[in-house]
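Breakdown of the fold
As a plain string of letters, each chain reads:
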Amino acid sequence: MPPSLPNFSLSTRLLLLALIIVFLVTFHLHRSPKPSSLNTLIPHHLGGTGGGGATADPCRLFLSFSATANSSISSHLRALTREPHLAGTPSAAAAADYVRTHLELAGLESLTRNYSVLLSYPAAASLSLLLNGTLVKTLSLAEPADPTARAVAPYHSYSPSGAAVALVVYANLGRDEDYLVLDRLSVDVRGCVVLVRRGGGPRGTIVEAAAARGAVVVLMFGNGVGGGVERGTVLLGGPGDPLTPGWAANASAERFRFADAEVRKRFPKIPSMPVSTVTAVEILGAIGGPPATPEWKAEMSAVVGVGGGSTMVNFTYQEDRKLAEIQNIITIIKGCEEPDRYVILGNHRDAWTYGAVDPNSGTAVLLDVASRFGALLRSGWRPKRTIILCSWDAEEFGMIGSTEWVEQNLENLGSKAVVYLNLDCAVQGPGFFPGASPQLDKLLIEIMKQVTDPDSEGITVYHTWVAKNGGVNKIERLSRADSDFTAFLHHAGVPATDIYFGEDYPFYHTTLDTYEWMEKHGDPSFLRHVATSEIWGLLGLRLADDRILPFDYNSYASQLLEHTNALTALLDGLKIKPIFASIRQFTAAAKAVQDEAKMFEVQGVAEDVASCLRRRAYNDKLILAERSFLDAEGLRGRPWFKHLLYSPPKDSASKLSFFPGIADAIYDAKNSIKGEESNIDHEIWRVARAIRRAADVLRGELT
């Protein structure tokens, strides 16, 4: 029995008892670990990396796993590319199982998110030459490099079925300026089959341009290296499932019908087909007509006449369009302090053929990064923010898997996504090519300085890259819409990166994109893959673990000023004064934010909840500033694209890779569309308002 209290009054006894209880509770709290609810708010230190429980620097530990990574990456790539694995086919399921299994072997749990989406496959096709209505020759639509026909036959997904017996006109790259050349030669494409060489812009845009001029079929050919034929999609109007525009294609989702106007506008009005260079040369040798210009002949020596003679082609195509199930594989590594802030790394898994470069060089790197993260977790590390690894499906049909996931999670991503780090064709050859939202430039360069160049002993990726660019910072801005960052940046306003080695490669979307080519030519030592893994993984670690997010909006302000100065070459400087005024406000806000970051560094890490909340509020300003560049109405005529600074312009030949609404209005005005001069002014003001909104967010106060 405990000793009794002295003979005090009841009120005094109660007061003493309360003091004893407070002392015991306080003593216990000081000696015991902090509750998990407080652990989500109170960080261990300010600026370095290393989440809860880690004893070593996780970045250094992450890099230490590189010694044998080239061997495991090579093994993954060999396994992933044994068979073609087009989305919606049985072999695609095998590739998904492989990724899922190896994520689990790394000690990471994975989730599968299925969507039922509209995919498009070839059913039948034929092409022949006719002279005066008589068959001259049946032309091959097969791929010379694929004699066993293991891969899907060359085709354009979402090309409508159709047939035509018509004259052929050669239109070079199929651009506006190419049709002007044909006009000068008095060659009319109405009612004709148009033959074009790849390289003039997105396939769908090229087909749409031909249809607008009255053509009935488009045939496309590439450079013909090794007998490959380039497959691809001609889907129009943005990414994602055509039947569920703007919402996720779950099994029970609302779906438009094929005949609905909203669906029909996503598909070209005329059929198209990729053909081999061998087939294209046979057609070019038979069509006659006015001689080609010297410029066209210099680019394609087989061109003699541009068409209009007596030789015709007979073309048929039957499409098989159907609902198919696709699978996204998602791995979530919960953050120990801010589990509701997401650092997302993604790569698509599906391929037109074997996909050694596109995309499985990236998939093999994804599995390597996952293995390293698993080892870090076993060492006791936990990321401060949640890391999400994503293996997307059906990217080749129009970024469908990633778009459906973003549309399904749009509200959560809008408030919680820190960044999206994309990987697609991770390795195409030598030389590093980074792309990023401007606030990530500084971080990307810091990490490039930490990674050894795979092709130059003793120097870093940064030093090789900067030497190649003559000392100029050439980080690409992601205004194209050809990979899975599209939905994150252009639709959801999440800052993004896209990195790869090798500017391009000759076997894009052909059956020559094999492990054997990668092993012999693309990356024989697989050290470029390892360097990609290091850069990508370090980006993820820094963004998940740095107390203060390593975003630099001074870089963004400088980039916006550079863009606007470039705009003065196209527009009267007085017209764009509103943008300059907004940039001045944005620049001041960016400097204030940078000064605030320095203040956090000086103060160091405080363990009180108030300090942690101040840091969280500061980081949220950095995250949400990018969302300010979105406009709810989206671009005119293309409402899905909402980013007013970096979305693709509708004119693929535009000299502007920024301010897409302004680029569209300039294009329309140039093409004499009524009222577009005033639309240029309106688009200028829309950009100015977006930049001012971002400045207000960085200031963090109501105006």
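Numbering of residues begins from 1 in every chain and follows the order in which that chain's sequence is written. Confidence filtering applies because this is a predicted model: local features only for residues at pLDDT of at least 70, side-chain atom pairs given and counted only at 80 or more, and all residues used for totals across whole chains, interfaces and linings. For side-chain calculations, the full set of non-hydrogen atoms in the structure is used, while hydrogens and water are omitted.

1. Comments concerning the environment of Gly-289
Relative to the elements of secondary structure, Gly-289 occurs in the loop between α9 (277-284) and α10 (294-299). We call a residue buried when its accessible area falls under 20% of the maximum for its residue type, exposed when it is over 50%, and partly exposed in between, using a 1.4 Å probe and counting protein chains only. Judged by its relative accessible area of 42%, Gly-289 falls in the partly exposed class. Sequence separation of Gly-289 and Pro-84 is 205 residues, and the distance between their C-alpha atoms is 41 Å. Contacts are assigned to residue pairs that have any heavy atoms within 4.5 Å of one another. For Gly-289, the contacting residues outside a window of four places in its chain are Gly-305, Val-306, Gly-307 and Gly-309. Helix numbers and strand numbers start at the N terminus; a helix is a DSSP run of H or I with at least 4 residues, a strand a run of E with at least 2.

2. Description of the environment of Pro-550
With respect to the helices and strands, Pro-550 occurs in the loop between α18 (527-545) and α19 (553-567). Given a relative accessible area of 15%, Pro-550 falls into the buried group. Spatially, the C-alpha atom of Pro-550 lies 7.4 Å from that of Leu-440, the residues being 110 residues apart in sequence. Not counting chain neighbours up to four residues away, the residues in contact with Pro-550 comprise Gln-439, Leu-443, Arg-542 and Leu-543.

3. A closer look at the UniProt feature "domain: Peptidase M28" (unreviewed entry) in the protein chain
UniProt positions are given in the numbering used here, feature names are shortened, and annotations may be inferred rather than shown by experiment. Following the UniProt record, one finds the feature "domain: Peptidase M28" (unreviewed entry) at residues 328-520. A distance of 31 Å separates the end C-alpha atoms of residues 328-520, which is 33% helix and 22% strand.

4. Notes on the domain arrangement of the protein chain
Each domain's extent was defined by an automatic or database domain assignment. Taken domain by domain, the protein chain consists of domain 1 (59-117 + 324-545), domain 2 (119-321) and domain 3 (553-699). Centre-to-centre, using C-alpha coordinates, domain 2 lies 38 Å away from domain 3. Counting residues at the interface gives eight residues for domain 2, matched by four residues for domain 3. Put simply, a salt bridge is a Lys or Arg side-chain nitrogen that is within 4 Å of an Asp or Glu carboxyl oxygen. In this assembly, domain 2 and domain 3 are joined by zero salt bridges. Under the scheme applied here, ten amino acids are nonpolar (Ala, Val, Leu, Ile, Met, Phe, Trp, Tyr, Cys and Pro), four are charged (Asp, Glu, Lys and Arg), and all others, including Gly, are polar. Within the side of domain 2 that touches domain 3, the residues separate by chemical class into two nonpolar, five polar and one charged.

5. Re the packing of aromatic side chains
A pair of Phe, Tyr and Trp rings is counted when the ring centres sit within 6.5 Å of each other, with Trp represented by its six-membered ring. The angle between the planes then sorts it: under 30 degrees is stacked, over 60 is edge-to-face, the rest tilted. Using the criterion set out here, one finds 31 aromatic pairs in the structure. An angle of 0° between the planes, with centres 3.9 Å apart, marks the rings of Tyr-420 and Phe-488 as stacked. One end of the pair, Tyr-420, is in strand β12 (residues 417-423); the other, Phe-488, is in helix α16 (residues 485-491), and 68 residues separate them in sequence. Both residues of the pair, Tyr-420 and Phe-488, belong to the buried class. Ring centres of Tyr-553 and Phe-586 lie 6.2 Å apart, and the angle between their planes is 75°; this geometry places the pair in the edge-to-face category. Taken together, the positions of Tyr-553 in helix α19 and Phe-586 in helix α20 (residues 577-603) put the pair 33 residues apart, joining distant regions of the chain. As far as burial versus exposure is concerned, Tyr-553 and Phe-586 are alike and both buried. Within the aromatic cluster, the residues linked to one another by ring pairs are Tyr-121, Tyr-155, Tyr-158, Phe-267, Trp-352 and Phe-397. By definition here, charges over rings are those cases where NZ of Lys or CZ of Arg is within 6 Å of the ring centre and within 35 degrees of the ring normal. Over the ring of Phe-267 we find Arg-321, and its NZ or CZ is 4.0 Å from the ring centre. Note that Lys-449 overlies the ring of Tyr-462, its terminal NZ or CZ placed 4.8 Å from the centroid.

6. Points about the packing of α20 against helix α21 (residues 609-624)
Helix packing geometry: the angle between the two helix axes and the distance between the axes. Angles shown run from 0 to 180 degrees and are taken between the N-to-C directions of axes, each axis being a line fitted to C-alpha atoms and, for helices, limited to the stretch in contact. Contact geometry of α20 with α21 gives a least axis separation of 12 Å together with a crossing angle of 150°. In terms of orientation, α20 lies roughly antiparallel with respect to α21. α21 is crossed by α20, and the crossing has left-handed handedness. Residues Val-593, Glu-596, Ala-597 and Phe-600 of α20 lie in contact with α21, whose contacting residues are Arg-614, Arg-615, Tyr-618, Lys-621 and Leu-622. Residues belonging to the contact of α20 with α21 are distributed by class as follows: five nonpolar, no polar and four charged. Under this scheme an angle from 65 to 115 degrees is roughly perpendicular, one under 35 degrees roughly parallel, and one over 145 degrees roughly antiparallel; angles in between are oblique. Left-handed describes a crossing in which the near helix is turned anticlockwise from the far one by less than a right angle; the clockwise case is right-handed.

7. Description of the confidence of the model for the protein chain
A residue's pLDDT is the confidence the predictor assigns to it, expressed on a 0 to 100 scale. Model confidence for the protein chain is summarised by a mean pLDDT of 91, while 91% of its residues fall at 70 or above. Counting contacts from residues 1-49, a segment whose pLDDT is below 50, to residues more than four positions away or on other chains yields 59 contacts.

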